[in-house]
Each structure stands twice: as structure tokens, then as C-alpha cells.
Amino acid sequence: LLLTMFNKQLSGINKRMPNAAAKSMEIDDDSDKLHLTEAGRLSGFKLYHPERHVKLKIFTAICVVCGCIAAAFVAGATWASAEVGASQNAAEAKTIKAIRSSGSSGDFDDDVGYGGFCWKCSENSGTRGWSWWFGWGACPCHDGWKGACCDISMAAVDGGFGAWGAVGDCDAECGYGQATKTRQCDNPAPKNGGKPCLGAFTEAETCYLGPCADGGPLYSLADLIEAESSVFSANVKFTVNDLWEKGICYIMESSDKISAAFYNSIGSSVMYEGVNFVRGFKWWGLGSVGDSFAGDKWKEAVTDEEINIVPYTAVTGFNYGYDFMNDFFTAEKSPSWEDDEGHDFAIGMLTSSLENADTTCLTHGLEPRFPFDHDLLMKAAWDGFTWFDYHELKYASNGDFGYHLVNQRAAEHGDTMDTLGLLMTETVFSVHLTYDSANEEFELDLTDMEPYDPLPGYAAMGGKATFVFDNTYGKYGRLRTTSITYGGVTYTEADFAEDAKITNADGIEETVKEAEADSRWIGWRFAEKCIMSSLLGQTNLILHVKGLHLELAAAFQGVTISAFKSNVQHPLRRLLDQFTHRSVQATNGNFDLLFEHKAAEFSLAPLDYNQQLKMIDWYIKNKPLSMATLSMDKFAEERNMDQFSEKPANDANGRPSKFFWRWHYRAAKAQAMYVDMIECWVDANYAGDWNAVVNDAMIADWWAKMKQYLPSMQEAVDQHSEWISGGELTRESLTSVVSTIMTWVSHIHEDVGHSAAYVVYNPVHTPMMVPADGIGVPLNSFAFNTNAYRTFVFLERAKLLDDPADFWFSGAADRQCYTTMQDTYRAFGETDDAFSECGTTGFYSCVDAVETSVSS
């Protein structure tokens, strides 16, 4: 079906191939093999054409209905060719036969085949359907059955793995690479309907062939075009069976490795819609027609439904190896009113694919590497993805604007090379700053990350840096980096001078700018990039996954549903509904993908997933999260940063008098907005009687469960008792806790998750992974990371400024509370430059992109 789909779309695709010769699909009557023919050399192209996109997706929908989509995810290679079996005659051979039905029943003649489909014979309408085959021969029985009407049962034999074969040769010419070993499902082979082997058919281990004299070859645009053209080569003969049984790494090892990113993008494009467009959003790109399929974004909770609060270990069969998975809580299942078959199917498809295929080749290898060429890297990571181009701001994805924004900010600040200082001034990275009053400098300390071993060939995490405020350029000035310490070496401002020379191992002197022009990071520049990689790891792994998902969001939804299950129209339940939405679904799915299936490697940090879990465990034990220090007032106090949370006055020269901590300013504004909404809500539903609120039995039960299932609540009682009224339910403690959680699950989740795109898509300035030798950008790890963010982070979910659901309100009064909050937030985005410089003009998301909850 995929082959048919691409054949029908090829003329449209070729419109995006200005230098390409015509290509077509045909069936060879002699060999009965379907393949792509090529008349002339294929030049640069991108697999996308807007006019054909709807049809492309409709054909994809057909694949889903037919049940073959699971193979399509990993099988970007399989549309290169396919075995279709022996034909009965030349006329039949001109029709592409589809996969036989495995579940049809009814009154059909014995061994009937029509259009390539076989149905059960009339004497057997039970469960013994036909096998999945390509071909035109007599319809065979399903494995495990024989006889004229498949009515004689044979004993099933489950498959078992044989011994591992010898480890193969290292795939690198020098430096680090991968060596693989394989095993077969032949001890015994499955037969008669027995279960196939579950597990990896291949395993890869890192190999090292000594240092490369020049870091190895860096690939060019011509290399990329040639590799992508090979996908269309008639000489590529991979079958579905190859892909399913031997895995994507087998395909990679047998073809040009540069093509891995292309295959990866094709796979993510196929599953993109199922993952992203949940209920309430238009399906299958049908424009206004899609409204009838979208449904409501919100559905009212079901009375007395229980989703069961459980520790994380209860919802996974994976052994995480750390006690914290018993100490934090989620729900056993998502509530029925959030059920979404498309999302569940897409995640299940991916999970099944990862369980049956080794994917380490997509992430771990250092080769091939590309130069520091932004446009080339974008093409390499986005070719094959059909939903939007990298320069488009679409579906909450920020494209490539981060690269250009860094260049723009550097120019505005006197063509500075101090990228780290710029980012610490304007971005979510500033969440990690502290202030040393004695030395009047800002500090960034990531040394807690140093004990963890990076993946082989990649630079270690950790380091620290200091900054001072410089008001010379820009409306609010910036932080200027004064020192960087990494790997036991400290660099100072004297080293940062543009003409400062560094002597390399060969005794040759060069500046960091000269080395960077040659796609190499050296000296302080290398240290700066490693600290940026560490900043991303700290933000993604500790702040986002550990803090928001593991410790807060899922338990918050589970407790709220449980406490109010007998009265889903309770005033507090209605207030909290949008801030709990889909958090269990997102969190449980995240942990399965990130750790059980190892997607955390690179998408969170360049660490083995076991090292990441070890780091999470250390932070839980040594720096436990307190709900109090998440509140914006305490958050600033703990870091001695509270004096920088307001817009500064100008000095005598008309320049800003001190640093403006924009990240905190925005978050504090959001929390104050939520406090006002809570106060208004109590006025509307309890006539302003807070005694009635704190004496409400259901609210008291909710409060007790919050303290039981969110350890950060008890940590606040132990460490900051006055903030949470000693753990008692009071007006102050309820307002503090609810406004804090609302701020983090909505406004800040957008900052630490989605708006990080400007970094993820910008390995030239802000790499998520740095080779230990500082040379080039490893393509496949970058492409994998791009796919992870593009497919799973930038999701279409309900937004804070969307029209609210009617069932949240008891009347006009509390509706006014909510719409006033929305109007306030919308006004921030329109009139306050700390909010309005967003999207393509600032390093954070615009207010209209902020979700209501941790729902993605």
C-alpha cells in the first residue's frame, strides 16, 4: 500500500525536485519484482508537496485501516522495493496485490482471491483466517491449520533465540564506531502459529580504532544528496521481513549511513498525525471537513470513575532499578473522557517497533559527521518529513529561527562571541542562576553532573561559569561571561578575546574563530559548548522530566480525580480540570518511551539511560523538591535573585541600572494572575467565605491526598513550614499550592519544554551533544533528537487561551473569573515586551501557545 501511495504521489513530489529526472514505479513481468526505476541522476529534493499532501495522508489512513502501518514506521527503506510473489498471468501482474485480510469472515467461496485479498472459505467463519502474504497463488491456511477449509489444527511452536554470533568489524575508519552481533529466531523457529521471538535480533557495542588525525571526514551537501538518492535505487532490495526481524540497524549497516536520518524522518512523518492530533483537533488534514471528526477538546468527567493512584512501578513491566519509582505516583490509567484511540495506536505502534528492533544505530554512532553548516544540517534532519519545513512556525514547532536569533542578538551586542552569556540573559537557562552578592557576580554551577559517564565518544557533562551585568548594548543589557571552568581548566575573559591564540597538539597556533570556521571547537569555545549541552540536560532531565512529570503532574491529576469523583461539579474540581488535563497519559507514555525504550539517550542528555536514572536518583536524595521553593517568591529568594525580578530603572546615562531576570518576571506575573483567579473563584462559589472552603470535606480529602502522594508537599512542611501553614489547610496554604502548581504545569512547562526548540534545532550554537574531540556535528544523533522534539514535544493540545468548556462554570460569575485571567494573560502577550518578544523574535513561546497542563 505504501508503494502504491508513493507511486500515485510521485508526480507531485517531483515538483519539489527541480533537478531530478522523472521516476516511476513498475512491475517487471519477468521477475515479478516491484521496484523504482530511475532515468537520470536524482539531485536535491524534499519529499513534500502541499497540493498532494491531503491525498498522501488519506493513503496513509488507508494503511492504518489495513493494519500495515506498524511496519511503515521503521520501514522508510521498504518502499524502495518489495517481493510480490509469482503471478498467475501478465494481466494480474499489472495490479499491485495487497496484504491478505487476517480477520474477514463471511460466505465466500473456498480459496477466493480478489484484488490480492483472501477470505475464509464458507465452511470456516471462525478465527482461522488466512496468513499475510504477497502473491496470487491459492489462499494458504493460517499458520497452525491445514485442510481444505483450514479445519485441521496443528500444534503451535513458540520461537526461541539461538546463540549470539561473533561481533562484527568496527564500522568506523577511525575514532569511535559500532560493532554489531546478531542472533536468529531459530532455536526453535516459530511454526504453526507459535509466538515469534521477542527481543533484539542485533546488539551493538562501541568500538574504538584510535584517534582520527583530523576527526574523520565531514560530509557535504553532495554526499547528502547522493545518500538520499540511494533510497530510490532499484538496487536496494530490503523486504518487510528484513526490517521486522533484523531491525533498522540491519538496514543502516547494509546501506549508506547518511540515509538513516532520511529514513527516520519518513517514519516520523507517517506516525506524526496519530501522535499529535488528539480529540478536539482536525484529523487527516481535511481542512473544514475535519471539524466533523475533531470533536470537543474537553469532555466532562464521569461521576464515580476511579483511575487508581499507584506508584510508577505498577504501570510498567520495566525494572528501573531505583527505589524512587516506588516513591512517586501516577494513575493506573487515563480517565475515559480523555480516551484517544489515534494517540494510543501511534504510541503502541512505536513501542512495538522498538521492542522488535535495535535502534542504537540511530543515536549512538558518531559518524557520519557534518560541518557547522546550519542549512545543510536542517536539510539532513528534515528531508523526508512532510508536515512542514524547518523554516515554518507551525504546530508549535519553532523551526530554525533559533540559529538566526542567536546571530541577531550577537550583532545587537557588538558582534559578541559570548553565546553562553546571551542565553543566560534571555532564556529559560537563567532558571539555573544564583547571585553572589559579595563578588557581585552571577554563578552557574553544573558540577553535580560531572560524575556521570557520557556515551562513548561524547563530551562529559558538568562545569561552571560566572557572569557580570553589562548594560552597554540592548534595551536591558546582558550578562557577560567572565569565566568558564570545564574539565579541570578555567578560562577567563583574556582567553575570550577574539584574537587570543591557542596552541594545538601539533604546535600550531589558531584562534577559536579560525577553528570554528573549520568545524572544530577548541579551548574555551569547546568548554562553552559542553556547558550548553549540560544546561540542556539539566533542564530537560531534572527540571522537566523529574520535576514536572515524575513529581507533580501525574499525581496531581490522579489525586484531583480521586478526591472529587463523587461530585465532578465541585467548585475546586471545576477550577482544576484544565490544569490536570492528559497529564497521566503524557507522563506514563513519556517514561515508557524515554527509559524502557531508551529514547532518553540524546533527547534528554548525551548519557546512557541508566546514567540518567542514576542522576535522577541522586537529585531526589540530595536535592529533594519542595513545593515551597517552586513558588516564584521562594524560588527567587533561594537563589538570592529576588532583586532582579522587576524591570530596572535607568541610570544617569539612560542605561538599565541592573540585570533584568526576564524568565522569573514572566513566571511571577503568571502566578500572580492565578492567585487573582483563585480569589475570584472563591468569591463566586463560596461568597468569599474562606471558612467554608477550608471546612469543605471534599477539599480536605483532596488536601490530605496531595500531601500523601506528592512528596514535594511534605518537603515544604519540613523545610518551609510557614509557607504552607505547617501543612494545615488554610486560605494561604491552599492559594500558595494551587497557584504554584498552575504556574508550573502551564506557563513554565511551555518554557522548559516547547520553547527549548530554538536550542534543539541549533547544534551550531547550542548543541545538545558535543563530540569529545570537538569536531563536527554527529548527524544521526542530531536527527534523532530533532525527530523526538518534532514528533512528541510539539503537540497539538488544549491551550490556556482556548475557549473554555461550559461545564467548568456554575454561572456567569466564575466564568468571568476565568475569562479575566485569559484577558490578563493575553494582554501580557500584546503589551508587555517581556512577553511580546516571543516566537521568532524571542527565546520563549508566545502566550497563545501555552498549554493548560503537562499534557504532552
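Chains are numbered independently. Their residues run from 1 in the order of the written sequence. For a predicted model such as this one, the threshold for reporting local features is a pLDDT of at least 70, and the threshold for listing and counting side-chain atom pairs is 80 or more; totals across whole chains, interfaces and linings nevertheless cover every residue. The side-chain numbers reported here are obtained from all heavy atoms of the structure, hydrogens and water having been left aside.

K.L.:
Looking at this structure, how should I read the overall build of the protein chain?
P.N.:
When its secondary structure is counted, the protein chain shows 32 helices and 20 strands. The buried label applies to any residue whose accessible area, calculated with a 1.4 Å probe on protein chains only, is under 20% of its type's maximum; exposed applies above 50%, and partly exposed to all values in between. By residue count, 59% of the 856 residues in the protein chain fall in the buried class. Long-range pairs, those at least 24 residues apart, make up 72% of the contacts in the protein chain with a sequence separation of at least 6. All accessible-area figures derive from a Shrake-Rupley calculation using a 1.4 Å probe, and residue coverage is judged against the displayed protein chains alone. Approximately 32700 Å² of the protein chain is accessible, and the part contributed by carbon and sulfur atoms is 49%. For the purposes of this entry, the term helix denotes a DSSP run of H or I that reaches at least four residues, the term strand denotes a run of E that reaches at least two, and both are numbered from the N terminus. Every residue pair with non-hydrogen atoms within 4.5 Å of one another is taken to be in contact.

K.L.:
Could you clarify how one ought to interpret unusual backbone geometry in this entry?
P.N.:
A negative phi holds for most residues other than glycine; trans holds for most peptide bonds. Cis rather than trans, the peptide bond between N187 and P188 has omega equal to 0°. Turning to its location among the elements, P188 is positioned in the loop between β8 (176–182) and β9 (202–208). E367 connects to P368 through a cis peptide bond whose omega is 0°. Within the secondary structure layout, P368 lies in the loop between α11 (341–355) and β12 (369–370).

K.L.:
Even after reading the chapter, I still don't get the pattern of salt bridges, so can you show me in this structure?
P.N.:
Two side chains bearing opposite charge may form a pair once their charged atoms approach each other closely. Salt bridge, as applied in this entry: a Lys or Arg side-chain nitrogen positioned within 4 Å of an Asp or Glu carboxyl oxygen. On inspection of all chains with the given rule, the structure shows 31 salt bridges. Between K529 and E528 there is a salt bridge whose closest N-O contact spans 3.6 Å. Of the two residues, K529 and E528, neither departs from the other in class, the shared state being buried. For D701, the salt bridge is made with K705, and the minimal N-O distance between the two is 3.0 Å. Taken together, the residues D701 and K705, both in helix α26 (residues 697–709) and four residues apart, mark about one turn of the helix. Looking at D701, the relative accessible area reads 30%, which means it is partly exposed. Note on K705: relative accessible area 17%, which makes it buried. One connected set of salt bridges, linked through shared partners, spans K475, K647, D832 and D833.

K.L.:
Please explain the pairing of strand β14 (residues 441–445) as it appears in this structure.
P.N.:
Note on strand geometry: in a regular strand, side chains alternate between the two faces of the sheet. DSSP-based pairing: two strands are paired if at least 2 bridges between them are found. Bridge count between strand β13 (residues 434–436) and β14: three bridges; the pairing is antiparallel. Paired with D436 across the strands is E441, a residue of β14. Once β13 ends, the chain turns through four residues before running back antiparallel as β14, passing E440 with a positive phi of about 50°.

K.L.:
Help me understand the packing of aromatic side chains, please; the structure alone is not making it clear to me.
P.N.:
Note on aromatic pairs: each is described by the distance of the centres and the angle between the planes. Stacked, tilted and edge-to-face are the three classes applied to pairs of Phe, Tyr and Trp rings, where Trp contributes its six-membered ring and a pair requires centres within 6.5 Å; stacked means planes under 30 degrees apart, edge-to-face means over 60, and tilted covers the rest. Taken as a whole, this structure holds 41 aromatic pairs when the rule is applied. Taken together through their ring pairs, the aromatic side chains of Y272, W382, F385, W387, F388, Y390 and Y761 make up a single cluster. Criterion for a charge above a ring: Lys NZ or Arg CZ within 6 Å of the ring centre, and within 35 degrees of the ring normal. Sitting over the ring of F635, R639 keeps its end group 3.6 Å from the ring centre. Positioned above the aromatic ring of W382, the side-chain terminus of R790 is 4.6 Å from the ring centre.

K.L.:
Any chance you could explain the confidence of the model for the protein chain here in plain terms?
P.N.:
It should be kept in mind that the predicted coordinates are not to be read in detail where pLDDT is low. Along the chain, pLDDT gives the predictor's confidence residue by residue, from 0 to 100. Considering every residue of the protein chain, the mean pLDDT works out to 78; 72% of them sit at 70 or more. Note on residues 1–137: pLDDT under 50 across the span, and 278 contacts to partners over four residues away in sequence or across chains. Contacts of residues 284–292 to residues separated by more than four positions or lying in other chains number 15 contacts, the stretch itself having pLDDT below 50.

K.L.:
Would you mind going over the packing of helix α17 (residues 523–563) against helix α18 (residues 571–580) with me for this structure?
P.N.:
The description of two packed helices rests on the angle between their axes and on the distance between the axes. Between N-to-C directions, angles cover 0 to 180 degrees, with each direction set by a line fitted to C-alpha atoms, over the stretch in contact for helices. At a minimum axis distance of 10 Å, the contact between α17 and α18 shows a crossing angle of 150°. Considering their axes alone, α17 and α18 lie roughly antiparallel with respect to each other. The element α17 and its partner α18 pack so that their crossing is left-handed. Across the interface between the two elements, F556, Q557, T560 and I561 of α17 pack against R573, L576, F579 and T580 of α18. For the contact of α17 with α18, the per-class residue count stands at four nonpolar, three polar and one charged. When an angle is under 35 degrees it counts as roughly parallel; over 145 it counts as roughly antiparallel; between 65 and 115 it counts as roughly perpendicular; any other value is oblique. Crossing handedness follows the turn of the near helix against the far one: under a right angle anticlockwise gives a left-handed crossing, and clockwise gives a right-handed one. When residue character is reported, Ala, Val, Leu, Ile, Met, Phe, Trp, Tyr, Cys and Pro are called nonpolar, Asp, Glu, Lys and Arg charged, and the others, Gly included, polar.

K.L.:
I tried to follow helix α31 (residues 812–831) on my own but got confused; where do I start?
P.N.:
Each turn of an α-helix holds 3.6 residues, which means side chains three or four residues apart point in the same direction. By this rule the span expected of a helix is its residue count minus one, scaled by 1.5 Å. Helix length check: α31 (20 residues) gives 27 Å between terminal C-alpha atoms against 28 Å at 1.5 Å per residue, within 8%. If you follow the buried residues of α31, they end up packed against α18, α24 (662–686), α28 (731–752) and α32 (833–836).

K.L.:
For this particular structure, what's the right way to read the pairing of strand β16 (residues 478–486)?
P.N.:
Of all nine residues in β16, eight are buried, a share of seventy percent or more. Looking at chain direction, strand β15 (residues 464–470) and β16 are connected through seven bridges and run antiparallel. Directly across from F469, in β16, lies its bridge partner L479. Between β16 and strand β17 (residues 489–492), which follow one another and run antiparallel, lie two residues, and G487 among them has a positive phi close to 60°.

K.L.:
What is the right way to read the nonpolar core from this model?
P.N.:
Buried Ala, Val, Leu, Ile, Met, Phe, Trp, Tyr and Cys residues that are joined via side-chain atoms within 4.5 Å together make up what is termed a nonpolar core. Ranked by size, the top nonpolar core spans 187 residues in total, and within it F595, M627, W702 and L710 carry the most contacts. Here this core gets 22 residues from one element, more than from any other, and that element is α17. In contact with W702, not counting residues within four places along its chain, are F556, V559, T560, A563, F564, L572, L576, L734 and V738. A346, I347, M349 and L350 belong to the second-largest nonpolar core, a separate cluster that totals seven residues.

K.L.:
Help me understand the sheet that holds β14, please; the structure alone is not making it clear to me.
P.N.:
Hydrogen bonds between backbone atoms are what pair the strands of a sheet, whose relative direction is either parallel or antiparallel. Strand order in this open sheet of five strands is β13-β14-β15-β16-β17, and the pairing throughout is antiparallel. For this open sheet the edge positions go to β13 and β17, each flanked by a neighbour on one side alone. Between one strand axis and the next, the sheet turns through 30° on average, direction left out of account. In this structure, β14 lies alongside β15, joined through four bridges in antiparallel fashion. Looking across to β15, one finds that D445 is bridged to K464. In the packing of helix α14 (residues 419–426) onto the sheet, contacts are made with β14, β15 and β16, and the angle to β16 comes to roughly 125°. Along the sheet, α17 contacts β14, β15, β16 and β17; its crossing angle with β16, the most-contacted strand, is approximately 100°.

K.L.:
Please explain the environment of Y263 as it appears in this structure.
P.N.:
Here Y263 shows up in helix α8 (residues 260–276). Through-space distance from the C-alpha of Y263 to that of G384 is 7.3 Å; in sequence the pair is 121 residues apart.

K.L.:
In this structure, what is going on with the packing of α18 against α24? I would like to understand it.
P.N.:
Closest axis-to-axis distance for the α18/α24 pair is 10 Å, and the angle between their directions is 150°. When the axes of α18 and α24 are compared, the pair comes out roughly antiparallel. Relative to α24, α18 is oriented so that their crossing is right-handed. Contacts from P571, R574, L575 and F579 of α18 reach α24 at Y674, M677, I678, W681, N685 and Y686.

K.L.:
Explanation requested: the state of the cysteines in the structure shown.
P.N.:
The disulfide criterion used throughout: a pair of cysteine sulfur atoms within 2.5 Å. In total, this model carries three disulfides according to the counting rule given. Each disulfide pairs two cysteine sulfurs, and for C680 the partner residue is C817, the sulfurs being separated by 2.0 Å. Measuring handedness by torsion sign, the sulfur bridge of C680 and C817 sits at about -75° and is left-handed. Of this pair, C680 sits in helix α24 while C817 is found in helix α31, placing the two residues 137 residues apart along the sequence.

K.L.:
Where do I start with α18 in this structure?
P.N.:
Burial within α18 is extensive, with ten of its ten residues counted as buried. Turning to α18, its buried residues are P571, L572, R573, R574, L575, L576, D577, Q578, F579 and T580. For α18, the secondary structure elements touched by its buried residues are α17, α19 (583–596), α24, α26, α28 and α31.

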